[in-house]
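Geometric and topological summary
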Amino acid sequence: MRQKRIALLLDIKSDYEHGIARGVIRYSKEVGSWKLFGRGFTLGDFLDINQWDGDGVIAIIHGRAEAEALLAKGLPTVDRGRGVRWIMAFPG
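1. A short note on the nonpolar core
Counting 12 residues, the largest nonpolar core consists of Ala7, Leu9, Phe37, Ile49, Trp52, Val57, Ala59, Ile61, Ala67, Ala69, Leu70 and Leu75. Every element with two or more residues in this core is listed here: strand 1 (4-9), strand 4 (56-59) and helix 2 (64-73). Among the elements that take part in this core, helix 2 stands out by supplying 3 residues, more than any other. If you look at the next biggest cluster of nonpolar residues, it comprises 10 residues, including Ile6, Ile20, Ala21 and Val24.

2. Observations regarding the packing of aromatic side chains
Evaluated as defined, the whole model comprises 1 aromatic pair. Between the aromatic rings of tyrosine 27 and tryptophan 34, the centroid separation amounts to 5.0 Å while the plane-to-plane angle is 65 degrees, which identifies the pairing as edge-to-face. Of the residues examined, tryptophan 34 reaches a relative accessible area of 24% and is grouped as partly exposed.

3. Side note on helix 1 (residues 15-31)
With 17 residues, helix 1 extends 24 Å between its outermost C-alpha atoms, agreeing within 8% with the 24 Å of an ideal straight helix rising 1.5 Å per residue. Residues of helix 1 that are buried include every one of Glu17, Ile20, Ala21, Val24, Ile25 and Ser28, and no others. An end-on view of helix 1 places all buried positions within 130 degrees of arc, on one side of the element. Along helix 1, exposed side chains directed more than 90 degrees from the buried face belong to Asp15, Lys29 and Glu30. In this structure, the buried residues of helix 1 make contact with strand 1, strand 2 (34-38) and strand 4. Note on helix 1: the residue one or two positions beyond its end, glycine 32, has a positive phi of about 70 degrees.

4. Looking at the side chain of glutamate 17
Structurally, glutamate 17 can be placed in helix 1. We classify glutamate 17 as buried; its relative accessible area is 7%. Look past the residues within four positions of glutamate 17 in its chain and what remains in contact with it is Leu10, Asp11, Ile12, Ile60 and His62.

5. Side note on helix 2
Buried within helix 2 are the following residues: Ala67, Ala69 and Leu70. One side of helix 2 carries all its buried residues, which in axial view fall inside an arc of 160 degrees. The outward face of helix 2, more than 90 degrees from its buried face, is lined by the exposed residues Ala65 and Ala72. Check the buried side of helix 2 and you find it contacts strand 1, strand 4 and strand 5 (77-79). Glycine 74 sits one or two residues past helix 2 and shows a positive phi near 70 degrees.

Thresholds, definitions, all that
- Residues numbered from 1 in each chain as written.
- Predicted model: local features only at pLDDT ≥ 70, side-chain atom pairs only at ≥ 80, totals over all residues.
- Heavy atoms only, no water.
- Core = buried A, V, L, I, M, F, W, Y, C linked by side-chain atoms within 4.5 Å.
- Buried < 20%, exposed > 50% of the residue type's maximum accessible area, 1.4 Å probe, protein only.
- Helix = DSSP H or I, 4+ residues; strand = E, 2+ residues; numbered from the N terminus.
- Phe/Tyr/Trp six-rings, centres within 6.5 Å; stacked < 30°, edge-to-face > 60°.
- Expected span 1.5 Å × (residues − 1).
- Arc of directions from axis to C-beta.
- Contact = heavy atoms within 4.5 Å.

Right under this line is the structure:
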């Protein structure tokens, strides 16, 4: 089975986002079928969503431009934002 390439777009400086990252990393180790990309020493390099060719995204979306860029990719996307509601339908 091919590993799924998942972008983890979080700012792990906050306790909330760091906790999400820890949980996702723990889950990916348990299932063994995810390769995570993002910013941080435990993740594969991730540079730009516009060049991302992975299988999915877990993010905290901070603005409309970021939401639209993710939507344009057509990838399954999970927004773990706190209180920000986007009236957009993400695929998947």
